[in-house]
Amino acid sequence: MSLGDQIARNLPYLRRYARALTGSQATGDAFVRATLEAALADSELKESLEGGRVPLYRAFNKVWSSAYMEVPEAVGDNTHENAAQDRLKSVTPLNRQALLLTTLEDFSSDQAGEIMDMSAEDIERLAQEAVSEIDRELSTSVLIIEDEPLISMQLEDLVTSLGHEVCGTAATRTQAQEVVAQKTPGLVLADIQLADGSSGLDAVDDILAISSVPVIFITAYPERLLTGDRPEPTYLVTKPFQEQTVRAAISQALFFGSSRPLG
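How each quantity is defined
Residues numbered from 1 in each chain as written. Predicted model: local features only at pLDDT ≥ 70, side-chain atom pairs only at ≥ 80, totals over all residues. Heavy atoms only, no water. Helix = DSSP H or I, 4+ residues; strand = E, 2+ residues; numbered from the N terminus. Buried < 20%, exposed > 50% of the residue type's maximum accessible area, 1.4 Å probe, protein only. Contact = heavy atoms within 4.5 Å. Areas by Shrake-Rupley, 256 points an atom, 1.4 Å probe, with all protein chains shown as cover. Pairing = 2+ DSSP bridges. Right-handed = clockwise from strand over helix to strand, strands pointing away. Axes fitted to C-alpha atoms, helices over the stretch in contact; angles between N-to-C directions. Phe/Tyr/Trp six-rings, centres within 6.5 Å; stacked < 30°, edge-to-face > 60°. Patch = residues over 30% accessible without salt bridge, like charges linked within 9 Å, V, L, I, M, F, W, Y side chains within 5 Å. Salt bridge = Lys/Arg side-chain N within 4 Å of Asp/Glu carboxyl O. Lys, Arg positive; Asp, Glu negative; His and termini not counted. Charge placed at Lys NZ, Arg CZ, Asp CG, Glu CD.

*Asks:* Sorry, what's going on with the overall build of the protein chain here?
*Replies:* Broken down by element type, the protein chain carries 12 helices and five strands. Burial status across the protein chain gives 45% buried among its 263 residues. When contacts within the protein chain are restricted to residue pairs at least 6 apart in sequence, those whose partners lie at least 24 apart make up 68%. Total accessible area computed for the protein chain in this model is approximately 13,100 Å², and 50% of it derives from carbon and sulfur atoms.

*Asks:* Any chance you could explain the pairing of strand β2 (residues 165-170) here in plain terms?
*Replies:* Alignment of strand β1 (residues 141-145) against β2, held across five bridges, turns out to be parallel. Following the sheet pairing, V142 is matched in β2 by V166. Once the chain exits β1 it traverses helix α9 (residues 149-161) before rejoining the sheet at β2, and the crossover so formed is right-handed.

*Asks:* Please clarify how the sheet that holds strand β3 (residues 187-190) should be interpreted in this entry.
*Replies:* Remark on secondary structure: sheet strands pair via backbone hydrogen bonds, oriented parallel or antiparallel. Strand order in the open sheet formed by five strands is β2-β1-β3-β4-β5, with parallel pairing between adjacent strands. Since the sheet does not close on itself, it has two edges, and those belong to β2 and β5 (236-238), each with one partner. Adjacent strand axes in the sheet meet at a mean angle of 20° when their direction is disregarded. As judged from the four bridges shared by β1 and β3, these two strands associate in the parallel manner. Counted as the bridge partner of L143 is V188 from β3. The strands that α9 touches are β1, β2, β3 and β4 (215-219); relative to β2, the one it contacts most, it runs at about 165°. Along the sheet face, helix α10 (residues 173-182) touches β1 and β2 and points at about 145° away from the line of β2.

*Asks:* Would you explain the packing of aromatic side chains in this entry?
*Replies:* The geometry of two aromatic rings is summed up by the distance between their centres and the angle between their planes. For the coordinates displayed, the defined rule picks out four aromatic pairs. Residues Y17 and Y57 carry aromatic rings whose centres are separated by 5.4 Å and whose planes lie at 40° to one another, so their mutual orientation is tilted. Taken together, the residues span a long stretch of sequence, with Y17 in helix α1 (residues 3-22) and Y57 in helix α4 (residues 53-66) at a distance of 40 residues. For Y57, a relative accessible area of 0% translates into the label buried. Look at F31 and F60: their rings are 6.4 Å apart centre to centre, the planes differ by 75°, and that puts the pair in the edge-to-face class. Of this pair, F31 sits in helix α2 (residues 25-41) while F60 sits in helix α4; the two residues are 29 residues apart in sequence, bridging distant segments of the chain. With respect to burial, F31 and F60 carry one shared label: buried. One aromatic cluster is present, formed by Y17, F31, Y57, F60 and F107 through successive ring pairs.

*Asks:* Sorry if this is basic, but what is going on with a negative patch on the surface here?
*Replies:* Residues D42, E44, E47 and E50 make up a contiguous surface patch of negative charge. The residue D42 is located in the loop between α2 and α3 (43-48) in this model.

*Asks:* Explain the pairing of β4 here, please?
*Replies:* Remark: a regular strand shows side chains that alternate across the two faces of the sheet. Among the five residues of β4, five are classified as buried, and the element is accordingly described as predominantly covered. As a crossover connection, the stretch from β3 through helix α11 (residues 200-208) into β4 is right-handed. Sheet topology places β4 next to β5; three bridges connect them, and they run parallel. Across the sheet, the residue bridging to F217 is L236, located in β5.

Right under this line is the structure:
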């Protein structure tokens, strides 16, 4: 495969990374163009790009780092993507790079380290710092709709350990309505089968009729939500659950400020 074909194959992914990093398609594309222009002007750099995706990102990273621009205000009508960009603005530049390279771009810590001229250990530390920065910015109130007391307590402990406030717990749809009448939550964790035979789905519908908040379903009956008869939830955790799975779902749902995936 020619060098031109290699770059062309990887270019869409580099543009995606550049857009996420800078917060703007126009700005991201400008940095990508600058990278390609630098490669054309430097035969050694151009030759290094024969190595595939990692050296291409490494070349881009050098160009971006030499002329770093802060993420601008989000523009356009894609509110979901704009929410993600708002979150990224809270993350310092090096941490943002490490996070995006190891998540959005799916590089290993070793590969991201090669791109950023750092050790794998430093990349892992920076990415974790990025997650912590985001978590600090996203502290919110959480409603737990769960009829099993032990599980409800487990979720309360998990939520508070992440720095969030539990605005209420509910074992029935009616109790959920009572909590929301006092305070609208910023996140909902909901079971499907509730104590009095009522449905967590109906309880969530009540809440979404008032305010658009991210929802994570935690249930032993995932098949009830995976029928195709209604919009299926993005965040669906099956009982018995691993706490790390719930933590990851909470961080992602709050990061995007929505229950929809970033398309």
